[in-house]
Amino acid sequence: MSASSPTAVIAATGLFTPDQSISNAELVEAYNTWAERENARQADEIAAGTREALTPSSVEFIEKASGIKSRFVLDKTGVLDPERMVPHLPERSNDELSILAEMAVKAAQEALAAWGKPASEIGAVLCAASNMQRPYPAMAIEVQQALGIEGFAFDMNVACSSATFGLKTAADFIASGSVKAVLMVNPEVCSAHLNFKDRDSHFIFGDVATAVIIEAGDQAAPGGWEILGTRLKTVFSNNIRNNFGFLNNAAPEGIGKPDKLFVQQGRKVFKDVVPMVSEMIVDHAGELGLDPKGLKRLWLHQANINMNEMIGRKVLGRDPEPGENVIILDDYANTSSAGSVIAFHLHQEEMAPGDVGLICSFGAGYSAGTVFVRKRA
């Protein structure tokens, strides 16, 4: 960025939270009922030793493995039905606002209200998320139309890192002078791609949508957050994968297989991602002339409390004080791209001008993004 390039500012954020929530106890009861019935159906094979019996889940297992205690979802009934184990989200007609667009618009409306400026001042809309409900037309363009925004819009998917990749893209648009303000939305219906019949992952995800308005500093009102620097990194890995896509139609033998939903090798992900992200944060801070130990707040991707705690210790060089390393996954679970933005949205108002914090996400790809921000007066 040249000295004359406009500074990008996070001017406002918004959050849409579904009104339905599932506790660990409810989720465990549904899973264990399904598992008992499945074991009964397969009793002969289990007795013969050709199939292993399914192991029950438990609240204690979930909380120790992840730190998650509950999650918000669009449809609770379908998930908790042992004969279904999938949310019930009926298709809408092409003339209705799609589910992802509707969630994104609600989050965007909250961000616009906080911003205090008309939507017509937005020049671009980015829909940065993991779980796109269709290939085209882009959800971002649908959101653009629903909000009455001109300019351009497009979707981008870098799995759980999508929001930080979107923030960098928006900041680059501002720096180049392409637009003066960008709306980035992160609608995630994670419950629709989660295998609720997999004990190792049935508890991981929740549904939510977030929105961020990024604008040029020379027109921004007082307050908000100056973006000090952004960095992205990708390293290919199969350890988090979802093989659902339009090519499935050309290979019908694979339709409905478990790999068409979320699949993860959690221990490998933990071992690979924690050092990669920790080193990336420290290196990026050094490049910006920042002491990572002096960061006032970490808004990390909300995937797993054990990962976040270890990254926090590595970055700060000590155990984080309460509130320094924000955790919201106990209530929201993993919300993919939206997690770090939820943490930022809910836990930044009390910070003082000049305080520096980090928005960071990481996930499938592997992918990771760091966005250092400073509170403006």
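Everything numeric in this text was worked out from a predicted model, so none of it was measured. (Residues numbered from 1 in each chain as written. Predicted model: local features only at pLDDT ≥ 70, side-chain atom pairs only at ≥ 80, totals over all residues. Heavy atoms only, no water.)

Along the backbone of the chain there are 11 helices and 13 strands. Taking the principal axes of its C-alpha atoms as reference, the chain extends roughly 75 × 55 × 35 Å. Residues counted as buried form 53% of the 377 residues belonging to the chain. Pairs at least 24 residues apart make up 77% of the contacts formed inside the chain by residues separated by at least 6 positions. (Helix = DSSP H or I, 4+ residues; strand = E, 2+ residues; numbered from the N terminus. Buried < 20%, exposed > 50% of the residue type's maximum accessible area, 1.4 Å probe, protein only. Contact = heavy atoms within 4.5 Å.)

Attention shifts here to the nonpolar core. V277, I281, L295, I311, L358 and F362 are the most contacted members of the largest nonpolar core, which totals 46 residues. Of all elements in the fold, only helix 1 (24-41), helix 8 (266-287), strand 11 (297-300), helix 9 (305-316), strand 12 (356-363) and strand 13 (367-375) reach the threshold of two or more residues within this core. When residues of this core are assigned to their parent elements, the largest contribution, eight residues, is made by helix 8. Once residues within four sequence positions are removed from consideration, I281 is found in contact with I311, V315, L358, C360, T370 and F372. (Core = buried A, V, L, I, M, F, W, Y, C linked by side-chain atoms within 4.5 Å.)

Right, let's talk about unusual backbone geometry for a bit. In this model, Y136 is joined to P137 through a cis peptide bond whose omega is 0 degrees. Within the element layout of this structure, P137 appears in the loop between strand 4 (124-128) and helix 6 (139-147). Geometrically, the link from G365 to Y366 is a cis peptide bond, its omega value of -10 degrees lying close to zero. Of note, Y366 is situated in the loop between strand 12 and strand 13. Phi is positive for M85, close to 60 degrees, though the residue is something other than glycine. With respect to the helices, strands and loops of the structure, M85 is situated in the loop between helix 4 (76-80) and helix 5 (99-115). Located in the positive-phi region is A333, a residue other than glycine, with phi close to 65 degrees.

A few words on the packing of helix 5 against helix 6. Helix 6 packs onto helix 5 with a crossing angle of 50 degrees between their chain directions and a minimal axis gap of 9 Å. On the basis of the axis angle, helix 5 is oblique to helix 6. The chirality of how helix 5 crosses helix 6 is right-handed. Along the contact surface, helix 5 presents L100, A101, A104, V105, A108, Q109 and L112, while helix 6 presents M139, E142, V143, A146 and L147. (Axes fitted to C-alpha atoms, helices over the stretch in contact; angles between N-to-C directions. Parallel < 35°, antiparallel > 145°, perpendicular 65-115°, else oblique. Left-handed = near helix turned anticlockwise from the far one by under 90°.)

Taken together, the nine strands give an open sheet; going across it, the order is 5-4-6-7-1-8-13-12-11, and neighbouring strands pair in mixed fashion. The open sheet is flanked by strand 5 (152-156) and strand 11, the only strands paired with a single partner. If you compare each strand with its neighbour and ignore which way they point, the axes differ by 25 degrees on average. Here four bridges tie strand 4 to strand 6 (residues 181-189), and the two strands are oriented parallel to one another. The residue of strand 6 that forms the bridge with A124 is V182. Across the sheet, helix 7 (residues 162-176) is in contact with strand 1 (8-16), strand 4, strand 5, strand 6, strand 7 (207-216), strand 8 (225-234), strand 12 and strand 13; its angle to strand 6 comes to roughly 170 degrees. (Pairing = 2+ DSSP bridges.)

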